[in-house]
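# Structural characterization, general
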Amino acid sequence: MKIKKFSKKPNDINDRIGAKPIVCYPNNNIEEKNLDILHKARKNLVKKSEILIPPRDAKTFEVKQGEFFRIESVEGPQVGDLNLFNLNNLDEKFYSGKTRALYGTHLSVGDKMFSSFPYLRSLATITWDTLDWYDYDEDGGSVHDVIGTRCDPYTSKLLSGNDYHYCCHSNLTRALVKEKNLNIDEAEKIVHDVLNVFMLTGFTNDTKQYFMKASPVRPGDYLEFYAETDILGALSACPGGDCGSEHSSDTAKCYPLKVSIWTVDQEYLKDFKGSNISNYNRDHGIK
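A brief report on the enclosed structure follows. Counting starts from 1 at the beginning of each chain's written sequence and moves along it residue by residue. In keeping with the model being predicted, local features are shown solely for residues with a pLDDT of at least 70 and side-chain atom pairs are shown and tallied solely at 80 or more, while totals for entire chains, interfaces and linings include all residues. In computing side-chain values, all of the structure's heavy atoms are included and hydrogens and water are not.

## Focus: the packing of aromatic side chains
The description of two aromatic rings rests on the distance between their centres and on the angle between their planes. Rules: Each pair of aromatic rings taken from Phe, Tyr and Trp, with Trp reduced to its six-membered ring, is defined by centres within 6.5 Å and is described as stacked if the planes are under 30 degrees apart, edge-to-face if over 60, and tilted in the remaining cases. Accessible area is worked out with a 1.4 Å probe on protein chains only. A residue is then buried under 20% of its type maximum, exposed over 50%, and partly exposed in between. By the criterion adopted, a ring carries a charge over it if an Arg CZ or a Lys NZ lies within 6 Å of its centre and within 35 degrees of its normal.
Counted according to the given criterion, the structure contains eight aromatic pairs. When the ring of Phe 203 is compared with that of Tyr 210, the centres are 6.4 Å apart and the planes differ by 55 degrees; the resulting orientation is tilted. Its relative accessible area of 37% is what places Phe 203 among the partly exposed residues. Taken together, the aromatic side chains of Phe 61, Phe 69 and Phe 225 make up a single cluster linked through ring pairs. It is Arg 70 that lies over the ring of Tyr 222; its NZ or CZ is 4.4 Å from the centre.

Rendered as structure tokens:
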């Protein structure tokens with residue numbers, strides 16, 4: 001960690017520090033210009049289907065382009081780990097790192113879920129967030145982060161020495177194996193870093209380590225998305241419950257999550273301009 005210092009301060013230290021921060025990826029050109037259209041459309045949604053994600057487990061769901069979907073708390077405070085894929089090409093999947101670079105550590109209304117290279121387009125746009133009132137707290141914490149990777153059995157083994165099979169990574173892998181008929185190696189390779197839905201996280205002020213707090217989510221709260229392409233989603237109800245004390249646990253109180261799919265008359269979306277696959281020519285300087 002950066003708090004461990006072994007080198008001596010240079011004589012020209014004042015010339016090396018104190019520069020103004022520059023945003024690496026200004027997102028002015030990708031601001032959500034369709035949000036008014038989506039907000040008008042969402043007033044006319046009709047529920048198509050819903051599924052329950054059991055505690056300490058995961059399920060997959062499909063959303064067609066032009067539909068909306070919600071992840072909802074139904075019985076008690078519960079965190080969910082979300083993976084998104086292009087339904088017709090599982091190699092195109094949510095890219096949390098680039099989404100974080102574009103929007104910051106936590107996502108909310110108007111932010112897009114960008115996909116992996118070489119596609120780099122929005123798979124979905126967040127259209128509503130009943131927890132956007134939380135903002136950032138005094139510790140720098142907020143909800144719906146793209147900084148945590150997902151709890152996994154490998155890190156659990158490293159830190160505790162135990163084999164635990166109901167981490168979100170394993171849950172997502174298992175869902176793809178059982179519901180999409182992938183073999184375990186195929187499934188595990190495409191499970192990717194997540195959007196931590198409802199999770200309250202940040203970095204500590206002193207050591208800048210990833211922290212979690214009990215989520216403020218309560219039954220009835222939801223995060224809503226608009227699908228910009230046909231989507232395969234996979235959602236795990238984290239074994240940490242509200243992640244207020246621990247994760248990768250059989251003792252934390254856990255609850256199910258609900259995923260609902262919503263349709264709308266496409267007339268409301270006729271002026272929506274979707275995100276396109278990157279048109280970079282992909283020669284990478286090779287002549």
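## Considerations on the pattern of salt bridges
To keep things clear, this is the line we draw: Within this document, salt bridges are pairs made up of a side-chain nitrogen of Lys or Arg and a carboxyl oxygen of Asp or Glu, the two lying within 4 Å of each other. Each helix corresponds to a stretch of at least 4 residues labelled H or I by DSSP, and each strand to a stretch of at least 2 residues labelled E; elements are numbered beginning at the N terminus.
Summed over all chains, the structure comprises 17 salt bridges. Residue Lys 213 pairs with Asp 137 through a salt bridge whose shortest N-O separation is 2.9 Å. Here Lys 213 is found in strand 10 (residues 210-213), whereas its partner Asp 137 is found in the loop between strand 7 (122-129) and strand 8 (142-145), with 76 residues between them in sequence. Classification of Lys 213 as partly exposed rests on a relative accessible area of 24%. For the salt bridge of Asp 193 with Arg 150, the shortest nitrogen-to-oxygen distance reads 2.6 Å. Residue Asp 193 is located in the loop between helix 6 (184-190) and strand 9 (195-203), and its partner Arg 150 is located in the loop between strand 8 and helix 4 (153-160); the two are separated by 43 residues in the primary sequence.

## Considering the side chain of His 169
Our working definition: Any pair of N or O atoms that falls within 3.5 Å is considered a polar contact. Within protein, one atom must be able to donate a hydrogen and the other to accept it, and sequence-neighbouring residues count only if both atoms are side-chain atoms. Any two residues having at least one pair of non-hydrogen atoms within 4.5 Å are treated as being in contact.
For His 169, the position within the fold is in helix 5 (residues 168-180). With relative accessibility at 6%, the residue His 169 sits in the buried group. Polar contacts involving the side chain of His 169 include one to the side chain of Arg 150, which spans 3.0 Å. In terms of polar contacts, His 169 uses its side chain to reach the side chain of Glu 188, at 2.9 Å. Setting aside chain neighbours within four positions, we find His 169 in contact with Arg 150, Cys 151, Asp 152, Pro 153, Tyr 154, Glu 188 and Val 191.

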